[in-house]
Amino acid sequence: MVTWLSVKSTAEKYGITEEAVCKLMKLRYITYSSIDYDDEYYDEGLVDTDDLESFLRLNSIPSYPDDESVQRVSNNHLNWLYGENERLEEVNDELLEKIRLLTQKEAALKKI
């Protein structure tokens, strides 16, 4: 049996925004019903929650269980790691440039 809920109730139940529900209705990814059938007033319609659940299940990314190979990192730490990686790349580039210059000097000295 189909369960019909308002756009607001559907958004609250599934933890998505009302705008996202209206976009899914507008793109006809989910079934909806409205008295006026006016394309401008999607937020006044009713949503088929069974259809929405099916859509969300088919388009979800599967979560994998944590094991020894998974390590959770906070966003702050991750941003710090990205910054540190950029800094180390710059240091690496500087060292490579110094090595290139030293190699040129060595080659010039060998010619003499």
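Everything discussed here concerns the structure shown above.
Reading the values: the criteria
Residues numbered from 1 in each chain as written. Predicted model: local features only at pLDDT ≥ 70, side-chain atom pairs only at ≥ 80, totals over all residues. Heavy atoms only, no water. Pairing = 2+ DSSP bridges. Helix = DSSP H or I, 4+ residues; strand = E, 2+ residues; numbered from the N terminus. Contact = heavy atoms within 4.5 Å. Axes fitted to C-alpha atoms, helices over the stretch in contact; angles between N-to-C directions. Buried < 20%, exposed > 50% of the residue type's maximum accessible area, 1.4 Å probe, protein only. Arc of directions from axis to C-beta. Polar contact = N/O pair within 3.5 Å; in protein donor to acceptor, adjacent residues only side chain to side chain. Parallel < 35°, antiparallel > 145°, perpendicular 65-115°, else oblique. Left-handed = near helix turned anticlockwise from the far one by under 90°. Nonpolar A, V, L, I, M, F, W, Y, C, P; charged D, E, K, R; others polar.

Chemist: How would you explain the sheet that holds strand 3 (residues 46–48) if you had to name every residue and give the values?
Modeler: The sheet built from three strands is open, its strands ordered 1-3-2 with antiparallel pairing. Pairing within the sheet leaves two strands with one partner each, and these edge strands are strand 1 (4–6) and strand 2 (32–33). The pairing of strand 2 with strand 3 spans two bridges and is classified as antiparallel. Residue Tyr 32 lies in a different strand from strand 3, and its bridge partner there is Val 47. Docked against the sheet, helix 3 (residues 49–58) engages strand 1 and strand 3, running at close to 55° with respect to strand 3.

Chemist: Pulling in residues and values, what's your account of unusual backbone geometry?
Modeler: You will see that Arg 28, though not glycine, has its phi angle at about 60°, which is positive. The topology assignment puts Arg 28 in the loop between helix 2 (18–26) and strand 2.

Chemist: Tell me what's going on with helix 3, and back it up with residues and numbers.
Modeler: When helix 3 is considered as a whole, its buried residues turn out to be Thr 49, Leu 52 and Phe 55. Buried residues of helix 3 fall within an arc of 120° about the axis and therefore sit on the same side. Structural note: helix 3 exposes Arg 57 and Leu 58 on the side pointing more than 90 degrees away from its buried face. The opening residue of helix 3, the one whose side-chain oxygen lies 3.2 Å from the backbone nitrogen of Asp 50, is Asp 48.

Chemist: Can you explain the environment of Ile 16? Please cite residues and give values.
Modeler: Relative to the elements of secondary structure, Ile 16 occurs in the loop between helix 1 (7–14) and helix 2. Here Ile 16 falls in the partly exposed class, since its relative accessible area comes to 26%. Not counting residues within four places of it along the chain, the set of residues in contact with Ile 16 comprises Ala 11 and Val 21.

Chemist: Give me the lowdown on the packing of helix 1 against helix 2, citing residues and values where you can.
Modeler: A pair of packed helices is characterised by two quantities: the angle between their axes and the separation of those axes. Where helix 1 meets helix 2, the closest approach of the two axes is 8 Å, and the angle between their N-to-C directions is 115°. What the angle tells us is that helix 1 and helix 2 run roughly perpendicular. At the point where helix 1 passes helix 2, the crossing takes the right-handed sense. On helix 2, the residues that touch Val 7, Lys 8, Thr 10 and Ala 11 of helix 1 are Glu 18, Val 21, Cys 22 and Met 25. Of the residues in the contact of helix 1 with helix 2, the class split is five nonpolar, one polar and two charged.

Chemist: How would you summarise the packing of helix 1 against helix 3 if you had to cite specific residues and measurements?
Modeler: It is at 12 Å that the axes of helix 1 and helix 3 come closest, and there the two elements cross at 40°. Between helix 1 and helix 3, the angle falls in the class oblique. At the point where helix 1 passes helix 3, the crossing takes the right-handed sense. Here helix 1 contributes Thr 10, Lys 13 and Tyr 14 to the contact with helix 3, which in turn contributes Thr 49, Leu 52, Glu 53 and Leu 56. Here the residues of the contact of helix 1 with helix 3 sort into three nonpolar, two polar and two charged.

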